[in-house]
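# Reading the structure
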Protein chains: 2
Amino acid sequence: MDTEDKFLIGPPHRELLDQVLDKWSLSVLSELCERPCRFNELRRAIPQVTQKSLTATLRRLERNGVIEREVVSTRPVAIRYQITPLGKTLRPPVDVLLAWASENMPTITRAREAFDMREEASG
Amino acid sequence: MDTEDKFLIGPPHRELLDQVLDKWSLSVLSELCERPCRFNELRRAIPQVTQKSLTATLRRLERNGVIEREVVSTRPVAIRYQITPLGKTLRPPVDVLLAWASENMPTITRAREAFDMREEASG
DNA sequence: CAGAATCCGCAATGATACTG
DNA sequence: CAGTATCATTGCGGATTCTG
């Protein structure tokens with residue numbers, strides 16, 4: 001009775017993963033796991049992201065409850081982004097995934113090279 | 001030495017995850033984990049995917065070495081897609097991820113509703 | 001059956017400028 | 001500082017047609 005002969009992937013799960021594992025989310029979560037950050041701190045920490053994409057990513061992560069946006073009433077106002085308890089629970093799964101990626105990167109690189117060779121040869 | 005105070009996510013990892021966790025890959029891998037399949041079997045198993053996207057997904061997964069394409073020389077020829085050993089190693093990480101999604105879906109749904117309420121109220 | 005080729009629309013992305 | 005607004009680009013997904 002191997003119950004788990006299938007990893008069922010429905011649209012809700014699919015959508016959820018798209019929202020929390022998208023291009024910039026992992027980098028943002030990575031930073032916020034270390035310390036709370038302000039907007040421009042994040043920009044500096046992730047130089048490739050544009051301000052537009054960063055804004056969108058932060059909004060999305062906030063909407064899904066994995067990060068929190070806090071307005072600190074100083075003059076001028078500061079904005080603190082920080083990870084939520086829910087957000088922290090995301091780390092183990094992601095770490096497992098990244099471990100897999102690291103571990104198998106060499107194998108995959110070779111697979112790609114082999115594939116590309118064959119392509120080049122035939123097509 | 002807490003070595004792992006950060007899930008570092010470089011472009012190579014990012015790209016890899018994009019390739020194996022994209023919209024249709026999980027569904028395809030799910031099917032091929034159960035049994036080898038032919039092209040149209042996969043189409044029937046995943047009704048929403050178009051032939052174009054399915055073709056692209058299969059090529060990408062093949063290139064990364066997680067599935068294998070085999071031409072069976074019958075008349076007419078049949079094409080068998082099957083999972084590779086490398087592909088099988090992808091299951092545990094993905095299962096962990098999906099478990100996380102299932103487990104936290106209610107929390108996330110509530111977070112979204114709360115967020116949308118606030119938006120509606122203010123914006 | 002297992003695709004390839006083509007065309008199209010749209011949503012995401014990037015670059016740039018402006019604002020409280 | 002922390003964004004918003006606007007415009008240009010582009011890449012992906014869908015629909016359709018054709019082929020060995």
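Since the model is a prediction, treat every value here as computed from it, not as a measurement.

### What to know about the protein's contact with DNA strand C
Near DNA strand C you find 15 residues, and of these Lys52(A), Arg38(B), Asn40(B), Arg69(B) and Tyr81(B) are the closest. Each atom of DNA strand C within 4 Å of the protein was classed as base or backbone; sugar and phosphate made up 61%. One of the side-chain nitrogen or oxygen atoms of Ser53(A) is found 3.0 Å away from a phosphate oxygen of DNA strand C. A distance of 2.5 Å is found between a phosphate oxygen of DNA strand C and a side-chain nitrogen or oxygen belonging to Arg38(B). Counting residues per element, the ones that place at least two in the surface near DNA strand C are α4 (51–63) of chain A together with α3 (39–45), α4 (51–63) and β2 (78–83) of chain B. Among the elements that line the surface near DNA strand C, the one with the most residues is α4(B), at 4 residues. Per-class residue counts for the surface near DNA strand C are 3 nonpolar, 6 polar and 6 charged.

### A word on the relation of the copies chain B and chain A
The two copies are related by a screw operation: chain B maps onto chain A through 180 degrees of rotation and 0.0 Å of translation along the axis, at an RMSD of 0.1 Å. The transformation just described matches what one would write down for a two-fold rotation axis. Taking C-alpha positions as the reference, the residue of chain B nearest the rotation axis is Pro93(B), at 3.5 Å. Looking at the interface residues of chain B, 100% of them are also at the interface in chain A, so both copies use one shared face.

### As for the packing of helix α1 (residues 11–20) of chain A against helix α6 (residues 91–122) of chain B
At a minimum axis separation of 10 Å, α1(A) and α6(B) run at an interaxial angle of 85 degrees. Considering their axes alone, α1(A) and α6(B) lie roughly perpendicular with respect to each other. For the pair α1(A) and α6(B), contact is made by Pro12(A), His13(A), Glu15(A), Leu16(A), Leu17(A), Gln19(A) and Val20(A) and by Leu97(B), Leu98(B), Trp100(B), Ala101(B), Ser102(B), Met105(B), Ile108(B) and Arg112(B), respectively.

### A word on the protein's contact with DNA strand D
Arg38(A), Gln51(A), Arg69(A), Tyr81(A) and Lys52(B) are the nearest of the 15 residues found near DNA strand D. Sugar plus phosphate, as a fraction of atoms of DNA strand D within 4 Å of the protein: 65%. Within the side chain of Asn40(A), a nitrogen or oxygen atom sits 2.6 Å from a phosphate oxygen of DNA strand D. Elements with a minimum of two residues in the surface near DNA strand D: α3 (39–45), α4 and β2 (78–83) of chain A together with α4 of chain B. Here the surface near DNA strand D gets 4 residues from one element, more than from any other, and that element is α4(A). Within the surface near DNA strand D, the residues separate by chemical class into 3 nonpolar, 6 polar and 6 charged.

### Some thoughts on the UniProt feature "domain: HTH hxlR-type" (unreviewed entry) in chain A
Residues given the UniProt feature "domain: HTH hxlR-type" (unreviewed entry) here are residues 11–109 of chain A. Its end C-alpha atoms 30 Å apart, residues 11–109 of chain A is made of 64% helix and 12% strand.

### Section: the pattern of salt bridges
A side chain with one charge may pair with a side chain of the opposite charge, provided their charged atoms come close. For the structure shown, the criterion picks out 16 salt bridges over all chains. The salt bridge partner of Arg35(A) is Glu34(A), with a shortest N-O separation of 3.5 Å. Given a relative accessible area of 34%, Glu34(A) falls into the partly exposed group. The residue Arg91(B) makes a salt bridge to Asp95(B) at a minimum N-O spacing of 3.4 Å. With a gap of 4 residues between them, Arg91(B) and Asp95(B) both fall in helix α6, about one helical turn apart. Connected through shared salt-bridge partners, Glu31(A), Glu34(A) and Arg35(A) make up one network.

### Focus on the interface of chain B and chain A
For an interface, size is often stated in terms of accessible area lost upon the parts coming together. Residue-level contacts link 51 residues of chain B with 51 residues of chain A. Both faces combined, the contact of chain B with chain A buries some 5,000 Å², and carbon together with sulfur accounts for 66% of it. For the pair chain B and chain A, the number of links is 4 salt bridges. A salt bridge links Glu15(B) to Arg112(A), with the shortest nitrogen-to-oxygen separation between them at 3.9 Å.

About the criteria used
- Residues numbered from 1 in each chain as written.
- Chains lettered and ligands numbered in written order.
- Predicted model: local features only at pLDDT ≥ 70, side-chain atom pairs only at ≥ 80, totals over all residues.
- Heavy atoms only, no water.
- Near = heavy atom within 4 Å.
- Polar contact = N/O pair within 3.5 Å; in protein donor to acceptor, adjacent residues only side chain to side chain.
- Helix = DSSP H or I, 4+ residues; strand = E, 2+ residues; numbered from the N terminus.
- Nonpolar A, V, L, I, M, F, W, Y, C, P; charged D, E, K, R; others polar.
- Least-squares fit on C-alpha atoms with pLDDT ≥ 70 in both.
- Contact = heavy atoms within 4.5 Å.
- Axes fitted to C-alpha atoms, helices over the stretch in contact; angles between N-to-C directions.
- Parallel < 35°, antiparallel > 145°, perpendicular 65-115°, else oblique.
- UniProt positions renumbered as here; feature names shortened; annotations may be inferred.
- Salt bridge = Lys/Arg side-chain N within 4 Å of Asp/Glu carboxyl O.
- Buried < 20%, exposed > 50% of the residue type's maximum accessible area, 1.4 Å probe, protein only.
- Buried area = accessible area lost by both parts, 1.4 Å probe.

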